[in-house]
Amino acid sequence: MDSILSKYKTTKESEVTTWFKAAAVADFSENGGACVKYKNKQIAVFNFKRKGKWYACQNVCPHKLEMVISRGMLGDDRGIPKIACPMHKKTFSLETGKNLNGDVDALAIYPVKIENDFVYIGFSN
Amino acid sequence: MKTIIVVGNGMVGYKFCQRFVEKEESKNYKLLVFGEEPRPAYDRVHLSEFFKNSDAKALEMAPRSWYKEHNIELITNERVTDIHRSKKTISTINERDYSYDYLVLATGSSPFVPPIKGVEKKGIFVYRTIEDLEGMLAYADKIKAKNPNAKAAVLGGGLLGLEAGKAVMDMGLEPHIVEFAPKLMPRQLDIRSSSVLQMTLEAMGLNIHLSKITSQILGDDCITGMEFGEDDELAVDMLVISAGIRPRDELGKTCNLEMGVRGGIVVNNKMQTSDPNIFAIGEVALYNQMIYGLVAPGYEMANVAVEQILKNTEVLMSAEIDMSTKLKLIGVDVASFGEPFMPTSKGHSILFEDKTKGLYKRINVSHDSKTLLGGILVGDASDYNILHQILLNNMTLPNNVEELVIGPREGGGGSPFGSAMDLPDSAQICSCESVTKGQVCNAIEDETCVSFSDIASLTKATTGCGGCKPMVVELVNQTLKSLGKEVKDIICEHFEYSRQELYGILKIKKITSYNEALDSCGKGDGCEICKPLVASIFASLYNDTANKEDVIQDSNDKFLANIQRNGTYSVVPRIPGGEITPEKLIVIGEVGKKYNLYTKITGGQRIDLFGAKLNELPAIWKELIDAGFESGHAYGKSLRTVKSCVGSTWCRYGMDESVSFAIELENRYKGLRSPHKLKGGVSGCIRECAEARGKDFGVIAVEGGWNLYVCGNGGATPKHALLLAEQIDNETCIKYLDRFLMYYIRTAAPLMRTAAWLDKLDGGIEQLKKVVIDDVLDINAELEKEMQFLVDAYKCEWKEAIENEESKKRFSHFVNSDDEDDNIVFVRMREQVIPASWE
């Protein structure tokens, strides 16, 4: 099962080798999320309109390894943008991926950019 | 490095280890612990909880890893058989020898089994270890299989005996308590309080036999009964002996330590035995000519032994041991403190007794009414903590001492006790962990702690028996208040209001979107607590369905389905009252077959289809809706089902048409969002086949109309619904229900079921009657109007979801592909699919 998690590594913007054109901005709900398929990866992408920012992370929750993070709820914990997993309400920082209410492994985080009303996610090889 | 060997790994033996490793100096010692039982020390005080869940781990004082982390070598399942004092070694049953510098005997006690003829027969148990309990459970299953009405007796009506009585009752056996003395709990209660307790326990189904001397146990191989004397027998299939304890002092005897005449190893106030290198603590130690069978003195002994071994010689055992106890026996409060039975030469007693309510209060005061000497409380022990503190701190009593028993007179103002804040700083609030009032309040004042949970983890107060919790909570809250810090029940960091307050604000300001709510009366960007709460309030105010603002809905509401273990969903169409035509049954069957769903009948008389992938939901619901089904709202904090029995339509006992009424009620309240889920039931007669009294609202047909019950539930803490109105017609029943439900929706805390809400409502069911029936708050016209608005505004949200292309979009797994999630794995069980198991 570990192989699912090993596919996902936090990627810094400086390490990006491929910007993947995922979908149109309009395909994402405001203050909501959706799941993007890139090769054999599932990436959760969030349009955090209240903060005017976009975030991306692995779609698989490290707690029970289900592909559900994109269906979670956005929020903030004392200013830190976070996502709550719909399964057991584990919350993770969208900036660092760290689990904020327990000691589950961190989520891998990916950079997002918006160009010409399209959402791009950054990957490194 | 010196070696300390602890013999015995019970609660007191564990406490010795815990206190020892907390000390800096403990690093210079090696600690070796022997336990004769197979598992590490567990909480014997709460042993009966094992029957609820058979979870031995939950009772553990600390897991095995704790011992390891603290460099304690724990050897279980190995009994120490000999002490060689001259060589300073011990031997174990496996013939292994270990040497010690200090030896601590914490061997505890064993149950006393009186020498009654036939006591060796099968089906006779003692009540002390988890293994005893496992034996009892296995035997109970065996005898119940032969005879569903099997009986079990407990020999001994003391504290532990009554606990055992409850345990056999929970096993489904008819419980009997047999006591030799003329009263229950002879060490703690007087005759009057015993008879009050007896009446209460008998009303709960416990049979009590006092003044019975058991002369022999009947039966051939297995027990079949007990004989008390001539022509006096009780037929029983099982017996639990709880007739007191005997110290496990055999090790002391074999190595010639000084022993008490009737057993126990003699110790001084340093917990030293007659050999200065050997200490004895807990139920094996004879201190002041007494064996103390309570946890608190045992813990104090453990502490004294730790300090003495580490040469802090000024720490000595108290000269007088407080034997006060407070406990809940089968839900009945019982407390006994100080001198519960006081001779008239020492003072007066003030008594209050109300057998109709099962209440008894006795306090003993000095002749000049200035000093409290002791007392007994049965039925309501809420004053125990403060009375106990007055006693321990020798505080002067108020002028009208009788108010301590009967409560303050009209206009007298305030509680006669004052508050816990009036106690001196030295007052010991938690006797298990020896925590004083000063320690609690100071930690809050110097900001080491800011909440009750901080205090509990810092001082360990309330973590033993838990009896002091109300007092510690009061001290924490009062101290916070005195520092000007507000103690308030707020929703979360984004809204500093209670749910009821926010409900009022959103309604008055006519706020209709989450962002507007956050901007006008909250802060930050919201979270998984406040978003669904605000969504629920919008649903109650405007009957907004979950489609309107899907991003603030709980996940289940967002996708209008319950997320399951592997990230797939379940589908539950509404089947009002559980009535369904064969044609519709076939549709459900066809849909289940087509999408390969696991199907199961639910407790609410409908059918649950599991294993639907997110992207399949709209197609599945389209087929169901086309066949005339609607959403069952099984995913929401909303009305689930109104269960019914078949009623007078078919049943020869039926008094009214329960199915028709259940369908009417379910259709009226379907889609109604509420602070928690809502369930209803309608039964056609008092046989109550619909189990309506286990629901948030239940209606039962009687001669001349319906009886309406409210605020019951099943689940983790089952509660029977209470009678709100009798012999009412359909129309009145609906009127009262409209008012009741709307009042609950307006005022309950988030995720609070109706039963918990009623518990919190000042005045309880009587107050609810005044509101719903007599309209004392003058709000009923408004409540009815609001409910009628919600009923009229109902829409099937699944129909709404699939008719709108935009709202259907959220059901695809990927935003950039029509592929399904290939991570989902099913396996088969009994010819259906289930999720592959979690690692």
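Residues numbered from 1 in each chain as written. Chains lettered and ligands numbered in written order. Predicted model: local features only at pLDDT ≥ 70, side-chain atom pairs only at ≥ 80, totals over all residues. Heavy atoms only, no water.

Visitor: Tell me what's going on with the packing of aromatic side chains, and back it up with residues and numbers.
Guide: Residues and elements named next belong to chain B. What the rule picks out here adds up to 26 aromatic pairs over all chains. Geometrically, the ring pair formed by Tyr 598 and Phe 610 is edge-to-face, given 5.7 Å between the ring centres and 75 degrees between the ring planes. One end of the pair, Tyr 598, is in strand E30 (residues 598-601); the other, Phe 610, is in strand E31 (residues 607-612), with 12 residues separating them in the sequence. Given the relative accessible area of 22%, Phe 610 is considered partly exposed. One aromatic cluster is present, built from ring pairs that chain together Phe 559, Tyr 569, Trp 621, Trp 798 and Phe 811. (Phe/Tyr/Trp six-rings, centres within 6.5 Å; stacked < 30°, edge-to-face > 60°. Helix = DSSP H or I, 4+ residues; strand = E, 2+ residues; numbered from the N terminus. Buried < 20%, exposed > 50% of the residue type's maximum accessible area, 1.4 Å probe, protein only.)

Visitor: Can you lay out the interface of chain B and chain A for me, pointing to particular residues and giving the numbers?
Guide: Listed per partner, the contact involves 38 residues of chain B and 42 residues of chain A. Inspection of the region where chain B meets chain A yields seven salt bridges. Taken together, the links from chain B to chain A amount to 21 residue pairs in polar contact (both at pLDDT 80 or more). Elements with a contribution of two residues or more to the side of chain B that touches chain A: helix H16 (514-521), helix H17 (530-542) and helix H18 (555-558) of chain B. (Contact = heavy atoms within 4.5 Å. Salt bridge = Lys/Arg side-chain N within 4 Å of Asp/Glu carboxyl O. Polar contact = N/O pair within 3.5 Å; in protein donor to acceptor, adjacent residues only side chain to side chain.)

Visitor: So, the sheet that holds strand E7 (residues 91-93) of chain A: which residues are in play, and what are the values?
Guide: Picture the strands of a sheet paired through backbone hydrogen bonds; they go either parallel or antiparallel. Residue and element names in this part refer to chain A. The sheet built from three strands is open, its strands ordered E5-E6-E7 with antiparallel pairing. For this open sheet the edge positions go to strand E5 (73-77) and E7, each flanked by a neighbour on one side alone. In this sheet, neighbouring strand axes are inclined to one another by 35 degrees on average, regardless of whether the strands run parallel or antiparallel. In the sheet, E5 pairs with strand E6 (residues 80-84) via five bridges, with the strands oriented antiparallel. Bridge pairing links Asp 77 to Ile 80 in E6. (Pairing = 2+ DSSP bridges. Axes fitted to C-alpha atoms, helices over the stretch in contact; angles between N-to-C directions.)

Visitor: Hey, could you go over the sheet that holds strand E28 (residues 562-563) of chain B for me, with residue numbers and the actual values?
Guide: Residue and element names in this part refer to chain B. As summarised here, the arrangement of the four strands in space is E28-E29-E31-E30, forming an open sheet in which the pairing is antiparallel. Of all the strands in the sheet, just E28 and E30 have a single pairing partner and so form its edges. As paired strands, E28 and strand E29 (residues 569-571) are joined by two bridges and run antiparallel to one another. Looking at the pairing, Asn 562 lines up with Ser 570 of E29.

Visitor: So, the pairing of strand E11 (residues 174-178) of chain B: which residues are in play, and what are the values?
Guide: Residues and elements named next belong to chain B. Burial analysis of E11 places four of its five residues in the buried class, which makes it a mostly covered element. One ladder, built from five bridges, connects strand E10 (residues 151-155) with E11; its direction is parallel. Each bridged residue has a counterpart across the sheet, and for Lys 151 the counterpart in E11 is Glu 174. Handedness of the β-α-β unit built from E10, helix H6 (residues 159-170) and E11 comes out right-handed. The pairing of E11 with strand E12 (residues 207-209) spans three bridges and is classified as parallel. (Right-handed = clockwise from strand over helix to strand, strands pointing away.)

Visitor: Can you tell me about the pattern of salt bridges, naming the residues and giving the values?
Guide: Per the stated rule, a full pass over the model turns up 54 salt bridges over all chains. Among the salt bridges present, the one from Lys 670 of chain B reaches Glu 630 of chain B, with a minimum N-O distance of 3.0 Å. Remark: Glu 630 of chain B occurs in the loop between helix H20 (617-626) and strand E32 (639-644) and Lys 670 of chain B occurs in the loop between helix H21 (658-669) and strand E33 (678-683); sequence separation between them is 40 residues. Connected via shared salt-bridge partners are Arg 50 and Lys 51 of chain A together with Asp 519 and Asp 525 of chain B.

Visitor: Which residues make up the environment of Leu 107 of chain A, and what are the values?
Guide: Residues and elements named next belong to chain A. Of note, Leu 107 is situated in the loop between E7 and strand E8 (109-110). With a relative accessible area of 2%, Leu 107 lands in the buried category. Taking the C-alpha atoms as reference, Leu 107 lies 4.4 Å from Gly 97; in sequence the two are 10 residues apart. The contacts of Leu 107, once residues within four sequence positions are left out, are Thr 10, Cys 57, Gln 58, Val 60, Pro 62, Ile 69, Ile 83, Phe 92, Thr 96 and Gly 97.

Visitor: Outline the nonpolar core, listing residues and values.
Guide: Residue and element names in this part refer to chain B. Membership of the largest hydrophobic core comes to 65 residues, with the highest contact counts inside it found for Phe 495, Leu 506, Leu 665, Tyr 669, Phe 740 and Leu 768. At 10 residues, the largest contribution of residues to this core is made by helix H22 (residues 730-747). Sequence-distant contacts of Phe 740, defined by excluding residues within four places in its chain, comprise Asp 696, Phe 697, Val 710, Cys 711, Thr 754, Trp 757, Leu 768 and Val 772. Of all hydrophobic cores here, the second largest spans 55 residues; its members include Leu 32, Val 80, Ile 281 and Val 284. (Core = buried A, V, L, I, M, F, W, Y, C linked by side-chain atoms within 4.5 Å.)

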